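# Examining the three-dimensional arrangement
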Amino acid sequence: MARASVPRICIVGESEGVGKSLLVAGLLLALRKRGLSVSCAILGTALQQAAVYSHLIRRYVRCLDVEMIGYQGVLDAVGQISSGSDIVILDGSKGIFDGGGQDHTVPTTDLLCIQKDEFPAILVFNVDYLTPSILARVYGFASFPDGPPFDAILFNRLRSVPDLSMQKRFQQLLYDTGAPECVGYVPNVTLSGEFPRSDDCQGVNRVAVPIQFLSMVSQAVESFLDIDKILECAAAAKDFEFQPIDPLVKRGRARLAVAHDGCFSVSFQDNLDLLRLAGAEIVSFSPLADSSIPTGVGGVYLPGGCIAGYAEILERNTDLADSLRSFVGDGGVLFSEGAGTALLARTFRPEGSDRAYKGFGILPIDVVQDLPSFSFVQFCVTQSCILGDEGMEFNALAPSDWKLIPNSANELKAEYVLGWKTHTGFAGREGLSVTGQSCSTFNFIHFGSNPFIVKNLLSAITTHQESVQKRSKSSGESLAAHKH
């Protein structure tokens, strides 16, 4: 076990929709401007929000879902992202007393109550004006039975920002009621853009947030938040123990090409971070711009994404399709999920499109996108594959938006290697494999739900890489002998 000693703070809201995530984005930018190395995690499965935060801090952003990885897994993840950071920012889920149940998120109140000294918290209130009734709301949260403590409060979306004298008077009133101090009075700002919602997945693409939008958010945070006080709160976080990840392979022995661009950016970034910590070398490429996959890799990872706006560009990228087909035919490791799997089909038709587009043709299926319906799924390996041996179990988020067109796979020349389970047993087949080295799913598997997934993938990637290197060496020796 290791100890997490990095300052950390959790930003939580009195309810959903108080602008908490916008404040987190602005805070991340403000801290980066101060030269701090910042890590971030989200309580829940807000995949597009995680992608935006990742762009801001240049680090993978974990999604902490207790039903995916268990409560200890949440703490381990926070400890793991602390390494090399000056501060960790946690974006709480929904309202402070919400979450859990069908939402499959860590109720923020659970985390703060059980780990109250390890996770200082700032509670965000959405208010129009500072009035005495606000004191009653603050006092209600502060004195709620069995509720979590919070170390500071923040008022957001004020119609007018109080002057310094009024702020001092209001702070005294807060002190008299036993409430913590306020670290910010943020006005309502009209923004030229939209920030991803917590349930955005592969529909509308909100990851490409305009620079002007982020600039306005950052300016508001820097102007109206007391960042020094926030850092003081974060520094008060107590150490806790967590399970680190030891490297399984030496750097360079397992090179993994990961699709990452304006289209393909939706995934559990936890997966990539876990692979990185275990020794994988992550090499990015763009299905929109690149004509081939990176050279010298042993595996390719195609994540989900918002494919509708890029369908014609992807259809025309036949060079990349040829490169990937050649790689798979040579025994290369291929893992895909969501829209990444749709791209591998013979044809794919995005939601709202009037026609189907030609895919890469690696999977002998035709698929169509529908409106999402999120659920939590437990998977089981039904046939040994690159993820693990038969019987291995793990968890996934199922958006249920990409589906096979009926009868498109009547003569399916691929194997189903996964099955999903309910409390009554198996509910269906999933996870197509066209070779022994591939697995493609329309769902989002969380590798943290079973650590053997990372180990098995790294083993498969390393094996293929070493095989290619041996063949290359042998070919070179044969050529040299022939010349002599």
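Our structure is the block above this text.
In this report, the structure presented in the accompanying data block is examined.

Thresholds, definitions, all that
Residues numbered from 1 in each chain as written. Predicted model: local features only at pLDDT ≥ 70, side-chain atom pairs only at ≥ 80, totals over all residues. Heavy atoms only, no water. Buried < 20%, exposed > 50% of the residue type's maximum accessible area, 1.4 Å probe, protein only. Helix = DSSP H or I, 4+ residues; strand = E, 2+ residues; numbered from the N terminus. Pairing = 2+ DSSP bridges. Axes fitted to C-alpha atoms, helices over the stretch in contact; angles between N-to-C directions. Parallel < 35°, antiparallel > 145°, perpendicular 65-115°, else oblique. Left-handed = near helix turned anticlockwise from the far one by under 90°. Contact = heavy atoms within 4.5 Å. Nonpolar A, V, L, I, M, F, W, Y, C, P; charged D, E, K, R; others polar. Salt bridge = Lys/Arg side-chain N within 4 Å of Asp/Glu carboxyl O. Expected span 1.5 Å × (residues − 1). Bend = angle between axes of the 7 residues up to and from the residue. Polar contact = N/O pair within 3.5 Å; in protein donor to acceptor, adjacent residues only side chain to side chain. Arc of directions from axis to C-beta. Phe/Tyr/Trp six-rings, centres within 6.5 Å; stacked < 30°, edge-to-face > 60°. Disulfide = S-S within 2.5 Å.

### Remarks on the pairing of strand S2 (residues 8–13)
- Counting buried positions over the 6 residues of S2 gives 6, a clear majority of the element.
- On S2, burial covers both faces: Arg 8, Cys 10 and Val 12 on one face and Ile 9, Ile 11 and Gly 13 on the other are all buried.
- Of the strand pairs in this sheet, S2 and strand S5 (residues 87–95) are connected by 5 bridges, and their pairing is parallel. Looking at S5, one finds that Ile 9 is bridged to Ile 89.

### A closer look at the packing of helix H5 (residues 132–142) against helix H6 (residues 164–176)
- Running from N to C, H5 and H6 point in directions that differ by 40°, and their axes come no closer than 10 Å. If you check the angle between H5 and H6, you find them oblique. In terms of crossing hand, the pair formed by H5 and H6 is right-handed. In contact with Ile 134, Leu 135 and Val 138 of H5, H6 contributes Phe 170, Leu 173 and Leu 174.
- A class-by-class count of the residues in the contact of H5 with H6 yields 6 nonpolar, no polar and no charged.

### Some words on the environment of Leu 22
- You can see Leu 22 is positioned in helix H1 (residues 20–33).
- Along the sequence, Leu 22 and Gly 331 sit 309 residues apart, while their C-alpha atoms lie 44 Å from each other.
- Among residues more than four places away in sequence, those in contact with Leu 22 are Leu 191, Phe 195, Phe 213 and Val 217.

### Here's the deal with the sheet that holds strand S18 (residues 363–369)
- The strand order S17-S16-S18-S21 describes an open sheet built from 4 strands, whose pairing is mixed. Looking at strand neighbours, the two that pair on one side only are strand S17 (357–358) and strand S21 (402–404), the edges of this open sheet.

### Details of the pattern of salt bridges
- Throughout the structure, instances matching the rule amount to 21 salt bridges.
- Between Asp 226 and Lys 229 there is a salt bridge, with its nearest N and O atoms 3.9 Å apart.
- Residue Glu 281 is joined to Arg 255 by a salt bridge in which the shortest nitrogen-to-oxygen separation is 3.5 Å. Linking Glu 281 in strand S12 (residues 281–285) with Arg 255 in strand S10 (residues 255–259), this pair joins segments that are 26 residues apart in sequence.
- For Glu 281, a relative accessible area of 18% gives the class buried.
- Sharing partners across several salt bridges, the network here consists of Glu 194, Arg 197, Asp 199, Asp 200 and Arg 206.

### Some points on the sheet that holds S2
- Strand order across the open sheet formed by 7 strands is S4-S3-S5-S2-S6-S7-S8, with parallel pairing between neighbours. A strand with exactly one partner marks an edge of an open sheet, and here the two such strands are strand S4 (62–64) and strand S8 (182–187). Adjacent strand axes in the sheet meet at a mean angle of 20° when their direction is disregarded.
- Here 5 bridges tie strand S6 (residues 121–126) to strand S7 (residues 152–158), and the two strands are oriented parallel to one another. Considered in S7, the bridge of Asn 126 is made with Asn 156.
- Running over the sheet, H5 touches S6 and S7 and is turned about 145° from S6.

### Considerations on helix H3 (residues 66–82)
- Look at H3: only 19 Å from first C-alpha to last across 17 residues, short of the 24 Å you get at 1.5 Å a residue.
- The largest bend along H3 reaches roughly 75° and is located at Gln 72.
- Here H3 lies mainly inside the structure; 12 of its 17 residues are buried.
- Among the residues of H3, the N-terminal cap falls to Asp 65, whose side-chain oxygen and the backbone nitrogen of Glu 67 are separated by 3.0 Å.

### What about helix H8 (residues 227–235)?
- The complete set of buried residues in H8 reads Ile 227, Ile 230, Cys 233 and Ala 234. In an axial view of H8, the angular spread of the buried residues amounts to 110°, which keeps them on one side of the axis. Exposed residues lying more than 90 degrees from the buried face of H8 are Glu 232 and Ala 235.

### What about the packing of aromatic side chains?
- The final tally for this structure, using the stated rule, is 11 aromatic pairs.
- Their ring planes at 35° and their centres at 5.8 Å tell us that Phe 119 and Phe 240 sit as a pair that is tilted. Here Phe 240 lies in strand S9 (residues 240–242) and Phe 119 lies in the loop between helix H4 (108–114) and S6, a separation of 121 residues in the sequence.
- Of the residues examined, Phe 240 reaches a relative accessible area of 5% and is grouped as buried.

### Quick notes on the state of the cysteines
- Taken as a whole, this structure holds 0 disulfides when the rule is applied.
- We note that Cys 40 lacks a disulfide partner, and the nearest cysteine sulfur, in Cys 63, lies 9.3 Å from it.
- Accessibility expressed as a relative area gives 0% for Cys 40, which makes it buried.
- Cysteine Cys 233 is unpaired, with the sulfur of Cys 182 as its nearest cysteine sulfur at 11 Å.
- Among the residues examined, Cys 233 registers a relative accessible area of 13% and is labelled buried.

On their own, these measurements won't tell you what the molecule is for.
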